[in-house]
Every structure is written in structure tokens, then in C-alpha cells.
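Spelled out from the first residue to the last, the chains are:
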Amino acid sequence: MLVLASLGSWLPFAIVAILIVLFSLIFTSRYQQKRKRDYLVTVICSISLIIALLTASLLPTDVILVSFMKNSDGTFKDWTQNQTTRDDIQHYVEIGYYVLYSLVIAMAFLVNPFLFFYYEEKEEGEKISKRICSAIKWTAGFLIFLVVLLVLGIFVPQLASLPSDNSTSEWENVKYLVNHFDNPSKIEAIRSVTLHVKQNTIIIGFFLLTVYTGYGSIACPLTLIRGKRSARLQHEAIEEQRAANRAQIQAIKDRYPRHVSMPSREKRKLEDLEQKELVLSRNEESIKIVRRSFFFKCRYIYRPTQIVFGVLLLLLALLIFVSLLLSNINKCIHFVDFKQIFAQGNKTLPNPIDIVLTWTGKVYPANYIVLSLLLVYIIFTSVFGLQQLGIWYFCVRMYRFSRGRTKPQAILMLCSFMMFIVVAINVFVYLLIPQYSIYGDQHYAVKEHDGTMVVKPCTQYVTTDQCQMTVMGRIILRFFYKVWFFGAVYFCLSWLFLLMFVVSSLVKIIRSRESNIQEFSVERLLESDEDEDAPLIQ
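The model shown is predicted, which means the values in this text are computed figures rather than measured ones.

**Here's the deal with the overall build of the chain**
Part 1: When you go through the chain residue by residue, the secondary structure sums to 17 helices and four strands.
Part 2: Within the chain, buried positions represent 51% of all 538 residues.
Part 3: Across the chain, every contact between residues at least 6 apart in sequence was considered, and the portion connecting residues at least 24 apart equals 79%.

Below, the structure is given as C-alpha cells:
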């Protein structure tokens, strides 16, 4: 029975892992430059995405495992009656978390930065040895930053004071859970170091998630519903602009024939108009390709499907927004101080996603599928947000991401950002659905005053040995208990996520619909590489 239960939990994970490998390879290949494809970048970026996505995909398996351990009447199944057996089952999940988080740290702070600076130093005639030395020098800065995070992770917990006089019942329950499941061992120090570095890394990822996922989660469904601008009208507008531009060019040339000297101001104006003509020519070529494409000709077939799909994603986005909002409001209702903010779950207000996941838990593998789809949506909208917003340094856009046109440095940074975002998803899910992420759909039996047995759902407010925590729930609660202000930071960032969601929805509604092509400007034309002559189509 133990083998069958483990197989039922890990088989979906194996299937998802195969899909993750395929997705990572296709994603990296699709976004890389087609004419100057670098296979080393493809391999490293694919490995980075695989590691990050596997880390996120462990959460549904973790939840399913603890849910499998109990019957609907609140009793443990025969093969999980022993606490040692339950701990042994979860031990492999815990090893998976720590191994994957260690690999994320190694890729994010060592491998990816080295390869990024290796390509950043690429110049004509530059020796490979010199590029490697320069990349190592810059990568050393990331190692120093990693050491700083390590020092903060070691010393900050000693500076964090725990609640004493104003401890609440919720805090006492969390304290019980941490002490009950915290089993010191010889490798606990290594785990603690990894955990502290991971949490510092998650802070970066959670901020990126707030910006890019907060924007993408609402912008993606609204884009699908609103659609793009009319390709015919867009083509006509470009033709009108070209006609007006050509008329200005011809007027200047007529005023200054070859034998007449042209003033410098008029020369600059003529150069600007000729550059604008090149831009409009490329944009017109792109829109013509769009109008000739098979996909465009089938627009009356796929457009209704696109709208329906967009509405479904919009409902999911609103469900996430409402669930996170209610979860945060609930924390505010029971607020004592920021030291205990992470210990407060959904005690008063209902959580829609928690309710849906608990209800689907009655039929396997419905709850696994729903939770996985939730994670897929968060990841997909994060990619959408990165593609739409790009990477900015203050007010300067450093990189933009386009299918088949992304430079090696840009795609390495894209994969690094995705790694940071994906490792922060587990904390985001905890804030979104605190009860389900810790206990799944477990129940426990309790005897009432009249002697009757009542079955109740497991929550973090119950001090009982009849509920088995998920590994991720244990890791998060253990760390937040020891370093409370990380929980306070995540709580504040979750409000920033909600604000970003609202602002992005208003901006997306007010702004005009997207173009069918990624239109060139004079600046982009001057920045474009020689290998970017192909039209750029969205």
C-alpha cells in the first residue's frame, strides 16, 4: 500500500518533469536569435529553467503526499500510523527541496552570471582567454554578494527577537508546530545556511514576482479578450505615413537640386526622414507578412476561442486577487504586530482558492491538477510580464525579449529572473492559500464535550499530532518563526502585488489595443544588429 500511495504521488511529478524538460528546451530555442544560435546558451538556460520549474512542481506533490496519509474521517491510513513512516516518506521531498534550492543558488549566482559576462565582453578579435578572465572577475562580484547574503542569513536570526509578553494563541500554536517538527541533526547547520541564503534569494524573486507577475496576471487575459488592432487599418495608417514622409523627402530634394548646396540643418532633416522611411518600410513589410499568414486568415475561427480563453483566465486572475486580498485582510483583522503576521491564516474570512482545492481533493488527481494549473498560470503570466515590460535599469530599457531575436545576454537574464520568480512562488502560494499549502485537505477527529466525535479540517491553529504538515509548510514556518521580519516583508510585498494588479488593469484598459507587430522606431533601427533583418511579428 505504501508503494502504491508513493507511486500515486510521484507519478504525476514524473509526468510534469518530462513536460518541464520539453517546455524549457522549446522556450529557450524559440526566444534565441535564429541566425546566431549559441548551443551553450541553450543548454545552460534550459537547465536553469528545468531546475526552477522542478522546484515549483514539488509543491503539488508535497501537498498530495500529506493528503494521501489520512482518511476522510480524520484517521491516519494503515500504512501511515507510525510517525517514523510519515517522516521517512517526507524525507525524500525535503531532500528534493534542498538539492533544487542549492542548484538554483549555484546557477543564479555562479553559472548564469559567468556566461552573461562572457558574452557581454564579446568583441571582434577578442581572445577567448581574455573574455573568460573578464567574466570570472565580474562573477566574483556575485560571489561577494552571495557571501553577504550568507552572513546576513547567519547573524540576522540572532538579532530577531520573538514575541514574549503579547504572545497570542496563534503564535503558541506555531511555536508548538515548529518545536514538534523541528528535528535537529548533524546536517541541520547546512540546512540552515541553505535556508537563509534561499530566503534572501526569495526576497529578490518575490519583488520580481510582484512587478512582472502582478502585471502579467491581469494584462495577459485582458490582452486575449481585447485582441489586437485591425491589421488592415494598421497597414493603411503605415501607407499614409510613408506617403507623407516621401512627400517631405521629395520636397527637400526639389528645393535643393544636386548643383545647389544644402544647409546642414536641411541635411539633418533629410537624414531623419530617410531613417523614418526605412523604419516605415520595415513595419509595412511586417504587417504584410501578418496579413498573408494562415493564422491571420483563420482569425474568424480562433478569435472567439481566444475571447473565451481570455475570460477564463480573467476569472482565474480575479480569483487569485480576491483570495490574496481576503487572506491579507484576515491578517489585518487579527493583527497583533509584524512579528506574528505570518502565523495568522484564514481564521475569519473564507478563501475561495482554499475552498476549491479542498473540494477537489475528494477526487484524485483533481486537486493535483488544479494546484498545478494555478502554478502554471503564475509562471505563464510571469513570462508574459517579462516579455511585455522587458528589463529596465532605472529609466533605461536594457533588454527586450522577442521570439527568435533575443540576444544571449538577454535570454540568460530572462532565465535568471525566471529562476528568482519561480523559487518565490512557494512563499506566494503560502500567502495565497495558507491552510491548504500546509495541510492539504487533511481532517482530524476531536471529541466534543458531549462525547461525540467531530471531524474538523486541519489548520495551523490546532495543536494536535493528528495533522501532518507539508515539508514546504514546515520550512516556511520554521524560518519565519526564527526570522519574523522576512514574513513581514513578504506580507508588505503581497499588498504591493495587489496594487500592481489594480494599476496594471487600469492601464491595460485605458491604453489602445496592441499592434500586430513589434513596431520599429528610429532608435531601435540604429540599435538593431545585422542579423535582425527579418520582420518582427508579435
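**What to know about the side chain of Asn 351**
Part 1: Within the secondary structure, Asn 351 is located in the loop between helix H10 (299–333) and helix H11 (352–360).
Part 2: A distance of 3.2 Å separates a polar side-chain atom of Asn 351 from the backbone nitrogen of Ile 353.

**Details of the packing of aromatic side chains**
Part 1: Evaluated as defined, the whole model comprises 13 aromatic pairs.
Part 2: With a centroid separation of 6.4 Å and 25° between ring planes, the pair formed by Phe 114 and Tyr 118 is classed as stacked. In this pair, Phe 114 and Tyr 118 are both assigned in helix H3 (residues 83–120), four residues apart and thus about one turn of the helix distant.
Part 3: Aromatic rings pair up to connect Phe 116, Phe 117, Trp 138 and Phe 142 into one cluster.

**Comments concerning the packing of helix H7 (residues 231–255) against helix H8 (residues 264–292)**
Part 1: With their axes 9 Å apart at the nearest point, H7 and H8 run at an angle of 155° to one another. Here H7 is positioned roughly antiparallel relative to H8, judged by the angle of their axes. Along this stretch, H7 crosses H8, giving a crossing that reads as left-handed.
Part 2: A breakdown of the residues in the contact of H7 with H8 according to their chemical character gives eight nonpolar, seven polar and 14 charged.

**A look at the nonpolar core**
Part 1: Residues Tyr 97 and Phe 428 are the most contacted members of the largest nonpolar core, which totals 117 residues.
Part 2: The greatest single-element share of this core, amounting to 21 residues, is contributed by helix H13 (residues 408–432).
Part 3: The residues touching Phe 428, leaving out its near neighbours within four places in the chain, are Phe 206, Leu 209, Ile 320, Leu 324, Ile 378 and Phe 497.
Part 4: Counting residues in hydrophobic clusters, the runner-up holds six residues, among them Ile 238, Ile 287, Phe 296 and Ile 517.

**So, the environment of Tyr 39**
Part 1: One can find Tyr 39 in helix H2 (residues 39–68).
Part 2: Assessed through its relative accessible area of 62%, Tyr 39 is described here as exposed.
Part 3: Distance from Tyr 39 to Ser 29, taken between C-alpha atoms, is 9.1 Å for residues 10 residues apart in sequence.

**Looking at the packing of H3 against H13**
Part 1: The contact between H3 and H13 brings their axes to 9 Å, and the two run at 160°. Classified by the angle between their axes, H3 and H13 sit roughly antiparallel to one another. Relative to H13, H3 is oriented so that their crossing is left-handed. Two secondary-structure elements touch here, H3 through Tyr 97, Tyr 101, Val 104, Met 107, Ala 108, Phe 109, Asn 112, Leu 115, Phe 116, Tyr 119 and Glu 120 and H13 through Pro 408, Gln 409, Leu 412, Met 413, Ser 416, Met 419, Phe 420, Val 423 and Asn 426.

**A word on a nonpolar patch on the surface**
Part 1: A cluster of nonpolar side chains, Leu 11, Ile 15, Ile 18, Leu 19, Leu 22 and Ile 26, forms an exposed patch at the surface whose accessible area comes to about 600 Å².
Part 2: Here Ile 26 shows up in helix H1 (residues 2–31).

**Digging into the pairing of strand E4 (residues 453–457)**
Part 1: Across five bridges, the pairing between strand E3 (residues 443–447) and E4 is antiparallel. Opposite Ala 445, over in E4, you have Val 455 as the bridge partner.
Part 2: Connecting the antiparallel pair E3 and E4 is a turn made up of five residues, with Gly 451 showing a positive phi of about 90°.

**A look at the pattern of salt bridges**
Part 1: Applying the stated criterion across every chain yields a total of six salt bridges.
Part 2: In this structure, Arg 255 engages Glu 266 in a salt bridge whose closest nitrogen and oxygen atoms are separated by 3.3 Å. Here Glu 266 lies in helix H8 and Arg 255 lies in helix H7, a separation of 11 residues in the sequence.
Part 3: Three or more residues joined by partner-sharing salt bridges are found here, namely Arg 242, Arg 246, Glu 277, Glu 284 and Lys 288.

**Looking at H2**
For an α-helix, 3.6 residues make a turn, and residues three or four places apart therefore share a direction.
Part 1: Here H2 contains 30 residues, and its C-alpha end-to-end distance of 42 Å stays within 8% of the 44 Å for a straight helix at 1.5 Å per residue.
Part 2: Taking burial as the measure, the 30 residues of H2 include 26 buried ones, the bulk of the element.

**Here we look at the environment of Asn 516**
Part 1: Note on placement: Asn 516 falls in the loop between helix H16 (484–510) and helix H17 (522–527).
Part 2: Its relative accessible area of 11% is what places Asn 516 among the buried residues.
Part 3: Put simply, Asn 516 and Lys 228 are 288 residues apart on the chain and 6.1 Å apart in space, counted from C-alpha to C-alpha.

**Things to note about the side chain of Gln 442**
Part 1: Position of Gln 442 relative to the elements: it lies in the loop between helix H14 (434–439) and E3.
Part 2: Gln 442 gets classed as buried once you look at its relative accessible area, which sits at 2%.
Part 3: In this structure the side chain of Gln 442 is engaged in a polar contact, spanning 3.0 Å, whose partner is the backbone oxygen of Tyr 439.
Part 4: A distance of 2.5 Å separates a polar atom in the side chain of Gln 442 from the backbone oxygen of Gln 468.
Part 5: Dropping the residues within four chain positions of it, Gln 442 is found in contact with Val 66, Ser 67, Lys 70, Pro 457, Cys 458, Cys 467 and Gln 468.

**Let's talk about the confidence of the model for the chain**
Part 1: On average, residues of the chain score 77 in pLDDT, and 78% of them reach the 70 mark or higher.
Part 2: The secondary-structure element of the chain with the lowest mean pLDDT is helix H5 (residues 169–181), recorded at 51, while H10 shows the highest, at 88.
Part 3: Note on residues 183–189: pLDDT under 50 across the span, and three contacts to partners over four residues away in sequence or across chains.
Part 4: A low-confidence stretch, residues 529–538 stays under pLDDT 50, and its non-local contacts, those more than four residues away or across chains, total 37 contacts.

**With respect to the environment of Tyr 118**
Part 1: In this structure Tyr 118 comes out as buried when scored by relative accessible area, which is 14%.
Part 2: In this structure the C-alpha to C-alpha distance between Tyr 118 and Gln 409, which are 291 residues apart in sequence, comes to 8.9 Å.
Part 3: If near-sequence neighbours (up to four positions away) are discounted, Tyr 118 is found in contact with Ile 128, Arg 131, Ile 132 and Ala 135.

Rules behind the numbers
- Residues numbered from 1 in each chain as written.
- Predicted model: local features only at pLDDT ≥ 70, side-chain atom pairs only at ≥ 80, totals over all residues.
- Heavy atoms only, no water.
- Helix = DSSP H or I, 4+ residues; strand = E, 2+ residues; numbered from the N terminus.
- Buried < 20%, exposed > 50% of the residue type's maximum accessible area, 1.4 Å probe, protein only.
- Contact = heavy atoms within 4.5 Å.
- Polar contact = N/O pair within 3.5 Å; in protein donor to acceptor, adjacent residues only side chain to side chain.
- Phe/Tyr/Trp six-rings, centres within 6.5 Å; stacked < 30°, edge-to-face > 60°.
- Axes fitted to C-alpha atoms, helices over the stretch in contact; angles between N-to-C directions.
- Parallel < 35°, antiparallel > 145°, perpendicular 65-115°, else oblique.
- Left-handed = near helix turned anticlockwise from the far one by under 90°.
- Nonpolar A, V, L, I, M, F, W, Y, C, P; charged D, E, K, R; others polar.
- Core = buried A, V, L, I, M, F, W, Y, C linked by side-chain atoms within 4.5 Å.
- Patch = residues over 30% accessible without salt bridge, like charges linked within 9 Å, V, L, I, M, F, W, Y side chains within 5 Å.
- Areas by Shrake-Rupley, 256 points an atom, 1.4 Å probe, with all protein chains shown as cover.
- Salt bridge = Lys/Arg side-chain N within 4 Å of Asp/Glu carboxyl O.
- Pairing = 2+ DSSP bridges.
- Expected span 1.5 Å × (residues − 1).
- pLDDT = per-residue confidence, 0-100.

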